[in-house]
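Coordinate inspection notes
Residues per chain, in single letters:
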Amino acid sequence: MPNHTSLDLFLESNIMGSQYVIDPPERITLPVIGDERRFVVNRVYCVGRNYADHAREMGHDPNREPPFFFMKPANSILADGKDFAYPNLSHDVQHEVEMVIAIGQGGANIAPEQALEHVYGYAVGLDMTRRDLQAEAKKMGRPWDTGKAFDQSAPCAAITPASQCGHLTHSAITLLVNGKQLQTGTLDQMIWNVPETIAYLSTLFTLEVGDLIFSGTPAGVGPIVKGDILEAAIDGLATLKTTVI
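Small disclaimer: the values here were computed from a predicted structure and weren't measured.

**Thoughts on the pattern of salt bridges**
Two side chains that carry opposite charge are able to pair once their charged atoms sit near each other. In total, this model carries six salt bridges according to the counting rule given. The partner of arginine 37 in a salt bridge is aspartate 35, and the shortest N-O contact between them spans 2.8 Å. Here the salt bridges do not stand alone but share partners, grouping Lys72, Glu96, Asp127, Arg131 and Lys148 into one network.

Take a look at the structure:
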């Protein structure tokens with residue numbers, strides 16, 4: 001079989017009407033409230049332990065040390081109304097309700113006082129976590145990917161543009177499981193607020209259009225089982241609902 005150089009493949013693909021050797025995957029998108037167009041998801045960042053009570057329930061002493069981040073792939077996004085499939089190789093999957101910040105203008109080394117200019121809008125999301133696999137990774141000093149970055153691990157509601165909802169600072173954030181409230185808090189309980197989070201993250205990565213930032217969860221995280229119905233809400237934003245199958 002003859003060797004194909006990258007130029008050969010490029011020319012062949014153009015002859016076939018495409019510049020790609022294989023069809024690219026479909027872009028991950030989310031609906032936007034009040035707009036028929038959709039928000040294209042680029043990267044998904046998550047802030048760890050950004051509510052004091054949650055930090056305590058996870059066995060940590062909350063303080064104002066610099067925030068830390070982990071990532072999920074864009075295809076971990078699960079749109080509102082779609083079922084959440086309980087993942088394999090785990091027996092302790094837990095819910096974490098969070099406000100999601102949608103970036104509409106990229107940048108690096110963003111000043112806190114200018115950070116909100118980079119926000120397109122907000123949504124409510126769930127940082128689903130395979131807690132047993134995360135705990136095992138922590139014990140062995142390994143990355144959290146298996147516990148945090150699995151398929152469908154980031155359910156997310158439709159994005160509400162900041163031009164409609166404003167920049168939320170004191171709204172209530174709640175999670176109901178089968179109609180019972182298990183997580184509750186307010187956005188002003190975040191250790192690092194939205195401008196501070198964006199500013200610090202932009203010193204580590206150049207933020208890009210389409211990035212999402214899951215901003216941390218209040219206390220009350222806990223396990224789910226098949227059949228559970230999860231309803232996440234933040235006052236002023238579209239709600240999120242998913243059933244565990």
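**Remarks on the sheet that holds strand β15 (residues 222-223)**
Strand-to-strand pairing in sheets goes through backbone hydrogen bonds, with the strands running parallel or antiparallel. One open sheet accounts for three strands, arranged β9-β6-β15; its pairing is antiparallel. Of all the strands in the sheet, just β9 (129-130) and β15 have a single pairing partner and so form its edges. As defined by bridge partners, strand β6 (residues 93-95) adjoins β9 across two bridges and the pair is classed as antiparallel. Bridge pairing in β9 links glutamine 94 to threonine 129.

**Brief notes about the packing of aromatic side chains**
Applying the stated rule across the entire model yields six aromatic pairs. Geometrically, the ring pair formed by tyrosine 45 and phenylalanine 205 is tilted, given 5.1 Å between the ring centres and 50° between the ring planes. In this pair, tyrosine 45 sits in strand β3 (residues 44-47) while phenylalanine 205 sits in the loop between α6 (194-204) and β14 (212-214), placing the two residues 160 residues apart along the sequence. According to the relative accessible area criterion, tyrosine 45 is buried, its value standing at 0%. Ring plane angle 65° and centroid distance 6.4 Å describe the contact between phenylalanine 84 and phenylalanine 150, whose orientation is recorded as edge-to-face. A residue pair is termed long-range when its members are at least 10 positions apart, and phenylalanine 84 in the loop between β5 (77-79) and β6 and phenylalanine 150 in the loop between α4 (145-148) and β10 (154-156) qualify at 66 residues. Overall, the relative accessible area of 0% leaves phenylalanine 84 in the buried class. The ring of phenylalanine 150 carries lysine 72 above its face, with NZ or CZ at 5.9 Å from the centroid.

**Things to note about the sheet that holds strand β17 (residues 240-243)**
Read from one edge of the open sheet, four strands run β13-β12-β16-β17, paired in antiparallel fashion. One side of each edge strand has no neighbouring strand; the edge strands of this open sheet are β13 (180-186) and β17. Across the sheet, the axes of successive neighbouring strands diverge by a mean angle of 10°, strand direction being ignored.

**Describing the side chain of serine 153**
Within the secondary structure, serine 153 sits in the loop between α4 and β10. Ignoring sequence-local partners within four residues, the contact set of serine 153 consists of Lys72, Ser76, Leu126, Asp127, Met128 and Lys148.

Thresholds applied
Residues numbered from 1 in each chain as written. Predicted model: local features only at pLDDT ≥ 70, side-chain atom pairs only at ≥ 80, totals over all residues. Heavy atoms only, no water. Salt bridge = Lys/Arg side-chain N within 4 Å of Asp/Glu carboxyl O. Pairing = 2+ DSSP bridges. Helix = DSSP H or I, 4+ residues; strand = E, 2+ residues; numbered from the N terminus. Phe/Tyr/Trp six-rings, centres within 6.5 Å; stacked < 30°, edge-to-face > 60°. Buried < 20%, exposed > 50% of the residue type's maximum accessible area, 1.4 Å probe, protein only. Lys NZ or Arg CZ within 6 Å of the ring centre and 35° of its normal. Axes fitted to C-alpha atoms, helices over the stretch in contact; angles between N-to-C directions. Contact = heavy atoms within 4.5 Å.

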